[in-house]
Structures are given as C-alpha cells and as structure tokens.
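Observations on chain architecture
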Amino acid sequence: ERAQGISVDQAIRDSGARRFRPILLTTLTTFLGLSPMIFETSMQAQFLIPMAVSIAFGLAFATVLILLVIPAMLSIYEDVRIWLSKSSTNTIAAT
C-alpha cells in the first residue's frame, strides 16, 4: 500500500483491520485448545502444565504485540523519520 501512495496511517489501519480476525481466531483457538491441559489435575499431566501455560500466555502476549505495539512503533518510526528529514533540510538551508 505504501508503494501505491497510501499514507502511513491509512496503511497501518488497513493492515490492522485485515490481520485482526485471522490473528485473533488463531490465538483464541490455540488458547482454548490448551485450556483443558492447563486445568488438568492428574499427576501424569503435572509436568506438561507449565509448557501449556507458557505457550498459551506467550501467544496471548504476542497477539497484543502484533496487533497494537508493532503498528504503534511503526507510526512513531515514520513520524521520527519525517521529523528528522525536515530537521536536516532546515539545517542545510540555514548554512
């Protein structure tokens, strides 16, 4: 979208909306699939519970990163890049 001339903010919004459903469905199905193992009380499953908790909550954390933090960081990066290019243009013009 950026190559087509669409603004950074619009490209971030479009990509976030396009990725939201598949990412959320994948996270929810995996988390719900691991929940029986997380809540298992038998002694045979006790050594698997920490692994299931790590995978489930790691995936939930990664979902938040992918859907919220990375787009925000990309927007901040673009703003800083524009600010620095204006700053360097002003510095060159002043000399």
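Residues numbered from 1 in each chain as written. Predicted model: local features only at pLDDT ≥ 70, side-chain atom pairs only at ≥ 80, totals over all residues. Heavy atoms only, no water.

**Digging into the overall build of the protein chain**
For clarity, the threshold we go by: Working definition: helices are DSSP H or I runs of at least four residues, strands are E runs of at least two. Numbering for both runs from the N terminus. This radius of gyration counts C-alpha atoms alone. The globule rule is 2.2 Å times how many residues there are, raised to the power 0.38. Exposed residues in this analysis have more than 50% of their type's maximum accessible area, buried residues have under 20%, and partly exposed residues fall in between, with area computed by a 1.4 Å probe over protein chains only. Contacts were defined at the residue level, with two residues in contact if any of their heavy atoms lie within 4.5 Å.
Looking only at helices and strands, the protein chain features 2 helices and 0 strands. The C-alpha radius of gyration computed for the protein chain amounts to 21 Å, which surpasses the reference 12 Å derived for 95 residues by more than 25%, pointing to a less compact arrangement than a globule. Structurally, the protein chain occupies a C-alpha span of about 75 × 25 × 15 Å along its principal axes. Burial analysis of the protein chain (95 residues in total) assigns 19% to the buried set. Of the contacts made within the protein chain by residues no fewer than 6 positions apart, 51% connect residues no fewer than 24 positions apart.

**Side note on the packing of aromatic side chains**
Condition: The criterion for an aromatic pair is that two Phe, Tyr or Trp rings (for Trp, the six-membered ring) have centres within 6.5 Å, with stacked assigned to planes under 30 degrees apart, edge-to-face to planes over 60 apart and tilted to the rest.
The tally for this structure, following the rule as stated, stands at 1 aromatic pair. Consider the rings of Phe31 and Phe57, whose centres lie 5.4 Å apart with planes at 90 degrees: the pair is edge-to-face. Of this pair, Phe31 sits in helix α1 (residues 8-38) while Phe57 sits in helix α2 (residues 49-94), placing them 26 residues apart in sequence. Here Phe31 falls in the partly exposed class, since its relative accessible area comes to 26%.

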